[in-house]
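As a plain string of letters, each chain reads:
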Amino acid sequence: MAERHAISCFVTGTDTGVGKTLVSAALLHALAQHHARVVGMKPVAAGTTLVQGIEANDDVLALRAASTFSVPPALDNPVLLPDAVSPHIAAARAGLRIDIAHIVACHRQLAQLADAVVVEGAGGFLVPLSPLETGADLAQALGLPVVLVVGLRLGCLNHALLTLEAIRARGLSLAGWVANHVDPAMLAQDDNIDFLQRRLGAPLLANVAHQNAPDARTLTIKLPPTWQQTLR
């Protein structure tokens, strides 16, 4: 069978807690307006709670809820780690090794099943996955266009530009970025957005207002035109 070329992207952030899962779910909802089979993937999830007697990760559950069809858990979340700490520490505590090649193989299978796959990274772009490998190594191995979520708070300009340099250093393209107003008290938020629009060299896909109870279904995402085209 010929390999299908599903639309796919890798979602990263300027830090942890900047809204990657919210944006990833919103991307899935937006893609579902154009494609029937849309699925989220959280390759590495650290931190679980008991849900109906089963260990589960909140980010993984959110992506599954925003997907249009179900896949085996081993495909959309190949690595599930109990402790909510950096993945390399969580993996060591669990006696596991995060295998990037295996994650790439899982993504390849999802791309055969789906029209669109949204991959949410863990933490920031260079989050450690092992003593030697990082999330950037995973993104490079996947070779997908990147969507950068910028958490608007003091220091975000430095974090955004450093992440952009790291993305480019891996030979990856920045497909777009999202401004997420995580700190409503931040001064000069519009000035920060204007600066990033000039410097990031990629379209602003969404400007997300601060929400006490964020709901991905309420976000408006401006998908790149090629992501809206029907697959043949």
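Just above, that's the structure.
Residues numbered from 1 in each chain as written. Predicted model: local features only at pLDDT ≥ 70, side-chain atom pairs only at ≥ 80, totals over all residues. Heavy atoms only, no water.

### Topic: the pairing of strand E7 (residues 116–124)
The element E7 is extensively covered by neighbouring structure, given that nine of its nine residues are classed as buried. Bridge count for strand E1 (residues 7–13) against E7 is six bridges, and the pairing is parallel. The residue bridging Val-11 from the neighbouring strand is Glu-120, located in E7. Relative to E7, strand E2 (residues 38–41) runs parallel, the two being bridged by four bridges. Each bridged residue has a counterpart across the sheet, and for Val-38 the counterpart in E7 is Ala-116. (Buried < 20%, exposed > 50% of the residue type's maximum accessible area, 1.4 Å probe, protein only. Helix = DSSP H or I, 4+ residues; strand = E, 2+ residues; numbered from the N terminus. Pairing = 2+ DSSP bridges.)

### Some words on the environment of Phe-125
Of note, Phe-125 is situated in the loop between E7 and helix H6 (135–142). For the pair Phe-125 and Cys-106, spaced 19 residues apart in sequence, the C-alpha separation works out to 20 Å. Residues in contact with Phe-125, not counting those within four places in the same chain, are Phe-10, Thr-12, Gly-13, Gly-135, Ala-136, Ala-139, Thr-163, Ala-166, Ile-167, Arg-170 and Leu-172. (Contact = heavy atoms within 4.5 Å.)

### Comments concerning the packing of aromatic side chains
By the definition in use, this model includes zero aromatic pairs. Above the ring of Phe-69, the side-chain terminus of Arg-37 is found at 3.9 Å from the ring centroid. (Phe/Tyr/Trp six-rings, centres within 6.5 Å; stacked < 30°, edge-to-face > 60°. Lys NZ or Arg CZ within 6 Å of the ring centre and 35° of its normal.)

### A look at the state of the cysteines
One pass over the full model with this rule turns up zero disulfides. Unpaired in this structure, Cys-106 has its nearest cysteine sulfur neighbour in Cys-9, at a distance of 18 Å. (Disulfide = S-S within 2.5 Å.)

### Some points on the sheet that holds strand E8 (residues 146–151)
Pairing within the open sheet is parallel, and its six strands lie in the order E2-E7-E1-E8-E9-E10. The sheet is open, and its two edges are formed by E2 and strand E10 (204–208), each paired on a single side. For this sheet, the mean inter-axis angle between neighbouring strands, taken without regard to orientation, is 20 degrees. Here strand E9 (residues 174–180) runs beside E10; their pairing, made up of four bridges, is parallel. In the sheet register, Val-178 faces E10, and the bridge partner there is Ala-206. On top of the sheet, helix H1 (residues 20–31) reaches E1, E2, E7, E8, E9 and E10; it is set at about 175 degrees to E7, its chief contact. Seen against the sheet, helix H5 (residues 100–113) touches E1, E2 and E7 and runs at an angle of roughly 170 degrees to E2. (Axes fitted to C-alpha atoms, helices over the stretch in contact; angles between N-to-C directions.)

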